[in-house]
Amino acid sequence: MALPRRRLQGTHGQDQHRCIANQDPAATHPGSLAMTISQIADTSVLLDTASPALSLHDVERMAHDVFGLAGEVRELTGERDRNYHLRHGEAHYVLKVSNPAEDPQVIDFQTKALLHIAAVDPGLPVPRLMRTRSGAADWLLEDRDEAPRLVRVLSFLQGVPMHKVAPGKSLQHDLGLHAARLDLALRGFFHAGAGHELMWDLKHANTVRSLLAHIPDPAQRALAERMLDRFDLYAMPRLGGLRAQVIHNDLNPHNVLVAPDDHGRVVGIIDFGDMVHAPMINNLAVAAAYQVSETGHPLEMAAEMIAAYHRLVPLEPVELDLLFDLITTRMVLTVAISGWRAARYPENRDYILRNNLQAWVRLARCDALDRAEAQAYLRQACRLE
């Protein structure tokens, strides 16, 4: 690999991928609330395309020659990209090498979103973008044996991944506040790349039905089908009328960091790779899907988070009524997509299935909960009744 070759010209040019104020990016994709089979096939290419490996020596050279950072590098796990941890003195960074199937406009969308958040809410603990030696936001890696890939460097946030600490009401409260702050920070952000299709987007949940056929357990398969039926009946017809904006879309416990000395305090939100333009309530639903309690009332912990969110960003009654349906649908996406991908990439199976077992347990607990009871429980938590 020869370094440097050239940077992608115009990726962050003044007139390239300009934001379109007051325009819903999803409007550029007719029928985006009900993707066609061909569209979902296109979105699966990214999840089904392995990112070529790089030697740690090449990554170290890239970090030094392109970004001016010297230090030891180690590889991190990732779903689509190749990610590397770099320590430069006392500072820590993540060097991200994009998947060759990723649309450069989508990468630009993610980059511009982080820059927007830093400007709107500087205190929000999200990664900060590091520039190249020439001041660019990214660099194009061109290897004659592989497809071109964009490279970026972000600050590496320090903290304990949320999935490693015990759940607690103070942590749920702080998570809800941070989720609300993040949605507020992104509320005025627009980008042409925000309307891209993504299999993890709840708007397209009904398109994963074909993946359920690969679930070997008949009872589990039937459970997932029931939840998708409920999504089709209750949520899908109403999504188009909900408040929509750019959302993080992946606030799972692996992407939330807490303070080492205070497990009730959030100190980091990472991994903006699944951002989309979607109903705002979807972001809260994704986060809540990972907070369903395995003891006591299924929604006890999630309700703490939802109530805290509601204090900063008041939920509309229709959003609150659909929240339980969206929470269970997210869990269906987890078991359907992760199971499908693990079969294709057994070498990355542990990472891909990291949330799968818990999702089945939580899905079964939610299945035993009456929908009207769940709605009433969440309304009471938010003091709407």
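It should be emphasised that the depicted structure is a prediction, and the values quoted were computed from it without experimental measurement.

Its volume calculated, the largest pocket comes out at about 1,100 Å³. What lines the largest pocket is a set of 43 residues, and nearest its centre among them are Thr-77, Asn-255, Ile-270, Asp-271 and Tyr-351. Breaking the lining of the largest pocket down by element, the ones donating at least two residues are strand 1 (73-76), strand 3 (91-97), helix 3 (104-120), strand 6 (149-155), helix 8 (317-344) and helix 9 (349-352). In terms of residue count, helix 8 provides more of the lining of the largest pocket than any other element does, four residues in total. In terms of residue class, the lining of the largest pocket is built from 15 nonpolar, 15 polar and 13 charged. Roughly 370 Å³ of volume is contained in the second largest pocket. Lining the second largest pocket are 20 residues, with Pro-167, Tyr-290, Gln-291, Gln-358 and Arg-362 sitting closest to its centre. Tallied by class, residues from the lining of the second largest pocket come to eight nonpolar, eight polar and four charged.

Tallied over the entire structure, the rule returns one aromatic pair. For the pair Phe-109 and Phe-189, a centre-to-centre distance of 6.1 Å together with 10 degrees between the ring planes defines the contact as stacked. With a gap of 80 residues between them, Phe-109 in helix 3 and Phe-189 in the loop between helix 4 (169-186) and helix 5 (218-235) connect regions that are remote in the sequence. No difference in accessibility class separates Phe-109 from Phe-189, as the two residues are buried. In this structure, Arg-354 is placed above the aromatic ring of Tyr-351, and the distance from its NZ or CZ to the ring centre is 4.1 Å.

This part is about the nonpolar core. In a soluble, globular protein the nonpolar side chains are often hidden away together inside. The biggest cluster of nonpolar side chains holds 88 residues, and the ones touching the most others in it are Ile-306, Leu-323, Leu-326 and Ile-327. Among the elements that make up this core, the one with the highest residue count is helix 8 (13 residues). If we ignore the near neighbours within four places in the chain, the residues touching Leu-323 are Ile-281, Leu-284, Ala-285, Ile-306 and Leu-378. Core analysis: the next-biggest nonpolar cluster, separate from the first, contains 17 residues, Leu-54, Phe-67, Tyr-93 and Leu-141 among them.

Turning our attention to the side chain of Glu-319. In this structure, Glu-319 sits in helix 8. In terms of polar contacts, Glu-319 uses its side chain to reach the backbone amide nitrogen of Glu-316, at 2.8 Å. Apart from the residues lying within four places of it in its own chain, the contact partners of Glu-319 are Leu-242, Arg-243, Met-280 and Ile-281.

What follows is about the pattern of salt bridges. Enumeration over the complete set of coordinates arrives at 20 salt bridges. Between Arg-61 and Asp-58 there is a salt bridge whose closest N-O contact spans 3.8 Å. With Arg-61 and Asp-58 both in helix 2 (residues 56-67) and three residues apart, the pair spans about one turn of that helix. Judged by its relative accessible area of 28%, Arg-61 falls in the partly exposed class. Taking the relative accessible area as the measure of exposure, Asp-58 reaches 16% and is therefore buried. Glu-319 is the partner of Arg-243 in a salt bridge, and the nearest nitrogen-oxygen pair spans 2.6 Å. Of the two residues, Arg-243 is situated in the loop between helix 5 and strand 8 (244-247) and Glu-319 in helix 8; the sequence distance between them amounts to 76 residues. Overall, Arg-243 belongs to the partly exposed group, its relative accessible area being 26%. Counted as one network, the salt bridges with shared partners bring together Arg-209, Asp-229 and Asp-232.

Any residue range with low pLDDT should be treated as having predicted coordinates unsuitable for detailed reading. Taken as a whole, the chain shows an average pLDDT of 87; of its residues, 86% reach a score of 70 or greater. Contacts of residues 4-42 to residues separated by more than four positions or lying in other chains number 64 contacts, the stretch itself having pLDDT below 50.

Here Val-267 is to be found in strand 10 (residues 262-269). Separated by 141 residues in sequence, Val-267 and Val-126 place their C-alpha atoms 8.6 Å apart. In contact with Val-267, other than residues within four places in its own chain, are Pro-125, Gln-158, Gly-159, Leu-257, Val-258 and Ala-259.

Let us look at the sheet that holds strand 9 (residues 256-259). Read across the open sheet, the three strands follow the order 7-9-10; overall the sheet is antiparallel. Edge positions in the sheet fall to strand 7 (160-161) and strand 10, since each of these pairs with one other strand and no more. Across two bridges, the pairing between strand 7 and strand 9 is antiparallel. For Val-160, the partnering residue across the bridge sits in strand 9 and is Val-258. Where helix 4 meets the sheet, it contacts strand 9 and strand 10, and its direction lies at approximately 20 degrees from that of strand 10.

Calculation notes
Residues numbered from 1 in each chain as written. Predicted model: local features only at pLDDT ≥ 70, side-chain atom pairs only at ≥ 80, totals over all residues. Heavy atoms only, no water. 1 Å grid on protein atoms, 1.4 Å probe; cavity = no way out; pocket = protein on both sides within 12 Å on 5 of 7 lines; lining within 4 Å. Points joined across faces, edges and corners; volume = space filled by probe spheres on them. Helix = DSSP H or I, 4+ residues; strand = E, 2+ residues; numbered from the N terminus. Nonpolar A, V, L, I, M, F, W, Y, C, P; charged D, E, K, R; others polar. Phe/Tyr/Trp six-rings, centres within 6.5 Å; stacked < 30°, edge-to-face > 60°. Buried < 20%, exposed > 50% of the residue type's maximum accessible area, 1.4 Å probe, protein only. Lys NZ or Arg CZ within 6 Å of the ring centre and 35° of its normal. Core = buried A, V, L, I, M, F, W, Y, C linked by side-chain atoms within 4.5 Å. Contact = heavy atoms within 4.5 Å. Polar contact = N/O pair within 3.5 Å; in protein donor to acceptor, adjacent residues only side chain to side chain. Salt bridge = Lys/Arg side-chain N within 4 Å of Asp/Glu carboxyl O. pLDDT = per-residue confidence, 0-100. Pairing = 2+ DSSP bridges. Axes fitted to C-alpha atoms, helices over the stretch in contact; angles between N-to-C directions.

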